[in-house]
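For reference, the chains in residue letters:
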Amino acid sequence: METFHVKKPIYPLVSFLFSIIIFAFGLFLAKEIALIYLFLGLTLLYSAFGHLKTLLKLLPPFALIGLLVGSGVWLTSGDYLPAIQTFGRILLLAFSSTPMVGTPPINLLRVFAQWGFPKVLSLGVLITLRFIPLLIAEMKQIVHAMKTRGIRFGVKERRTLYRGFMIPLLIRIVGMSDTMAISVETRGFSVEEKKQSVYRRIRFSLRDFIYTILTILLMIGVLIYG
Amino acid sequence: MDKIKGFAKKSSAIELCNLSFRFANESPPVLKNINLTLQYGEIMVLGGLSGEGKSTLVSMISGILPHMMGGIAEGQVHLDGQDVTNLKPGERSRYLGSVLQNAENQIIHQKVEDELAFGCENRNFSPEIIEEEIHEKAGLLHLNLSSQTRKLSGGEMQRVITAAILCMKQRILLFDEPFAHLDFDGMKTLLSLLNRLKNKGYAILIVEHRIEEIFDQVDRTAWLEQGNLEVFEEKKEILKHLPVFQTYRRTGQFLNPLIVFQNVTMELDRHEALNDVDLTLYHGERLMILGDNGSGKTTLLKVMGRLLKPTGGRVCVKGINEKEWFNQVGMIFQNPNYQLFMPTVYEEIALKGKGEKLIREIIEAFQLKELLDRHPQSLSEGQKRRLTIAAVMAMDPEIVLLDEPTVGQDGRGLEMIAEYLLKQNREKQITIVTATHDQRWAKSMADRILWIKDGSVYKVGNAALGDNFFRQTEKNRE
């Protein structure tokens, strides 16, 4: 996930809020040519605010999924227009999530703490965000481990394959979530405890204000001229 | 204790009164009437065989058992004179810092700096104190605060978790195998740090298998066996429980190349994990890979075992059928949990076992007879590792690659494994490659030493080079 992070992230709550707003706004425009203007505008905005690399890393997988789903829609409906619209909606996911994905989760957690959000929310974000990359790494390790026990990925050994992959994966998931919960708790994190300091405070800057204004202006512009 | 400068306490740091534990009503007790007192200004080491309940005791003190993981507990736990029996781990963390096993799964944040700050933030320290603490502890444990935690080696992760706990400034510290993944230098650094903390009045309880290596630095010792705790009057009494580890050195030349590395490089996450490695592994030899944490030992083993394809250079293999590679090359991971998946210990060994005779021989040699019907995941970490090695050896491999085989292993278990591997090496000429930080294993199980530094071959030599390695790392520290 670190590969998506930007050097100067936007204020986390602004990123979070605009990710949702842009997605909803884009869905509203999904059948209009204006969606393309929104994409172009966002690309320029992200370039200006150092998020272009994140967008470019996000686009290929989403474009691929969009192509696959879009092709399916084309085949079932026999019309290319709904297929293009589906493709656009899936690309919208990449565009709308860019500022959020570019923000290190620790910034979001610290803002939650600064604003006094319930700790259970922070705990959820914390464990989910840590869990995904950990799980991917675990799956790679299990595949390696299977090879070392002489198990091949083949139809003949499908029962052993099931045991060799699924059992360790399930056990690891349970084990990891237990260990992580224990780790968090033994380091003093408690949902009941309200007092918590913030090591590096995240402040709303002029840059964040300009970003907010420009995003709003972009959406208004797309609505008027699109 | 009152003489300790800056920290005078009347109450004991840890006091356990008639502590017993069982996982369920019908299951046998894991701990039986444990009584233990640890004073401020003391370091105590707790030893015992694998699976005898050491980690259970640690979990009882930190409150993980029974509050988070269930089970039936009796007796009382006092920390700093307070009865904390009914307090959850989060509440106990006001008194107690716990460094548990499996550091890699305990890391939550992406940057070392944030990981170290996490506990301090939870304890409501001011940003200035957090800054001071994390810089001090990172410096002491040789950590780079801007490093990405995901890219760290096992030993480096262990140091991060240790530093994260030390930053929280509790006066009672609990360590469950803190040296397991640390290199020699890391171990000595941590030991010296713990001694400084002890002199400041901290109480420290360490669960460890490598007792010989830390013996001089501890004040008291205790031994846990079959759920009973024996706290020794004289600390040296623990030594009677530790087997004398034999040295199996030999001289001789190995002539038949098995695997040849030519200018091998390996890039992982834009980091050069291996750099221009030239190496020949010979049939029948015992090669020991030594190096600091993060020097590339595990990566080298994985390239050797064909789990990773090098990004540069060539690896040539002689005399092993490529299709049969994973049946002839056995690899033991640092973490045994990945390699165990069958419903019973017997089925695990028999899965790829070559014949009932060999399977029986291995069960006997690794003393697994009592555990045959158990689920592999229900075993202790040390027992799991023994089982993984047994299951791989049942494949009758030509090459065995071992990554930190001694972690979680008591002295007897270690000797058992060493004896079996050496017998196979003598009788069947199997090739053994080990990456380890364990001085006992390194000194005893090597024909040749490969010393790697920052992903490159630094020195190659006979077993005496191992002595130099450990001497030099100690000297560097001094």
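Criteria and thresholds
- Residues numbered from 1 in each chain as written.
- Chains lettered and ligands numbered in written order.
- Predicted model: local features only at pLDDT ≥ 70, side-chain atom pairs only at ≥ 80, totals over all residues.
- Heavy atoms only, no water.
- Helix = DSSP H or I, 4+ residues; strand = E, 2+ residues; numbered from the N terminus.
- Buried < 20%, exposed > 50% of the residue type's maximum accessible area, 1.4 Å probe, protein only.
- Contact = heavy atoms within 4.5 Å.
- Lys, Arg positive; Asp, Glu negative; His and termini not counted.
- Charge placed at Lys NZ, Arg CZ, Asp CG, Glu CD.
- Rg over C-alpha atoms; globule rule 2.2 N^0.38 Å.
- Areas by Shrake-Rupley, 256 points an atom, 1.4 Å probe, with all protein chains shown as cover.
- pLDDT = per-residue confidence, 0-100.
- Buried area = accessible area lost by both parts, 1.4 Å probe.
- Salt bridge = Lys/Arg side-chain N within 4 Å of Asp/Glu carboxyl O.
- Polar contact = N/O pair within 3.5 Å; in protein donor to acceptor, adjacent residues only side chain to side chain.
- Pairing = 2+ DSSP bridges.
- Axes fitted to C-alpha atoms, helices over the stretch in contact; angles between N-to-C directions.
- Patch = residues over 30% accessible without salt bridge, like charges linked within 9 Å, V, L, I, M, F, W, Y side chains within 5 Å.
- Domains from an automatic or database assignment.

Points about the overall build of chain A
Per the secondary structure count, chain A includes eight helices and zero strands. Shown N-terminal to C-terminal, the secondary structure of chain A runs as helices and strands in the order α-α-α-α-α-α-α-α. Seen through its C-alpha atoms, chain A measures out along the principal axes to roughly 60 × 55 × 25 Å. A burial count over chain A gives 46% of its 226 residues as buried. Sequence-distant contacts in chain A: of pairs separated by 6 or more residues, those separated by 24 or more amount to 81%. Chain A carries 25 positive and 10 negative side-chain charges, and their two centres are separated by 7 Å.

Examining the overall build of chain B
Scanning chain B from terminus to terminus reveals 17 helices and 19 strands. Relative to a compact globule of 478 residues, whose C-alpha radius of gyration would be 23 Å, chain B shows 23 Å and is just as compact. Here the C-alpha coordinates of chain B stretch approximately 70 × 50 × 35 Å along the principal axes. Buried positions account for 61% of the 478 residues belonging to chain B. Sequence separation of 24 or more characterises 71% of the internal contacts of chain B that already satisfy a separation of 6 or more. Approximately 18,600 Å² of chain B is accessible, and the part contributed by carbon and sulfur atoms is 44%.

Overview of the confidence of the model for chain B
Residues and elements named next belong to chain B. With 95% of its residues at a pLDDT of 70 or more, chain B shows a mean pLDDT of 89. Counted against residues more than four places away or in other chains, residues 1-8, with its pLDDT under 50, gives 16 contacts. Of the two predicted TM-score estimates for the complex, the pTM is 0.78 and the ipTM is 0.81.

Observations concerning the interface of chain A and chain B
Across the contact, 50 residues belong to chain A and 64 residues belong to chain B. At the boundary of chain A with chain B, total buried surface from both sides reaches about 5,300 Å², with 55% on carbon and sulfur atoms. Counting the contacts that link chain A with chain B gives five salt bridges. In this structure, A:Arg110 and B:Asp114 form a salt bridge, with 3.2 Å as the shortest nitrogen-oxygen distance. Inspection of the chain A/chain B interface yields 19 residue pairs in polar contact (both at pLDDT 80 or more).

A word on the sheet that holds strand β15 (residues 329-332) of chain B
Residue and element names in this part refer to chain B. Taking strand neighbours across the sheet as the criterion, the six strands line up as β15-β16-β17-β13-β18-β19 in an open arrangement whose pairing is mixed. Each having just a single partner strand, β15 and β19 (456-462) make up the two edges of the open sheet. The average undirected angle you get between the axes of adjacent strands in this sheet is 15 degrees. Where strand β13 (residues 286-290) and strand β17 (residues 431-435) come together, four bridges link them in parallel fashion. Across the sheet, Ile-289 pairs through a bridge with Ala-435, a residue of β17.

Side note on a negative patch on the surface
Residues and elements named next belong to chain B. Taken together, the side chains of Glu-267, Glu-272, Asp-276 and Asp-278 define an acidic patch exposed on the protein surface. No other element matches strand β12 (residues 271-282), which puts three residues into the negative patch. Among the structural elements, Asp-276 can be located in strand β12. For Asp-276, a relative accessible area of 43% translates into the label partly exposed.

Notes on the domain arrangement of chain B
Residue and element names in this part refer to chain B. What the domain assignment lists for chain B is domain 1 (14-241) and domain 2 (257-477). Each of domain 1 and domain 2 has a C-alpha centre, and the two are 29 Å apart. In this complex, domain 1 contributes 29 residues to the contact, which on the side of domain 2 involves 25 residues. When domain 1 packs against domain 2, close to 2,300 Å² is buried across both sides, 47% of that on carbon and sulfur atoms. Run the count over domain 1 and domain 2 and you get one salt bridge.

As for the sheet that holds strand β11 (residues 257-268) of chain B
Residues and elements named next belong to chain B. With antiparallel pairing, three strands are arranged side by side in an open sheet as β12-β11-β14. Because the sheet does not close on itself, it has two edges, and the strands there are β12 and β14 (312-317). This sheet shows a mean twist of 15 degrees between the axes of neighbouring strands, independent of strand direction. Two strands pair when backbone bridges link them, and β11 and β14 are joined in this way by five bridges, in the antiparallel orientation. Paired with Val-260 across the two strands is Cys-316, which belongs to β14.

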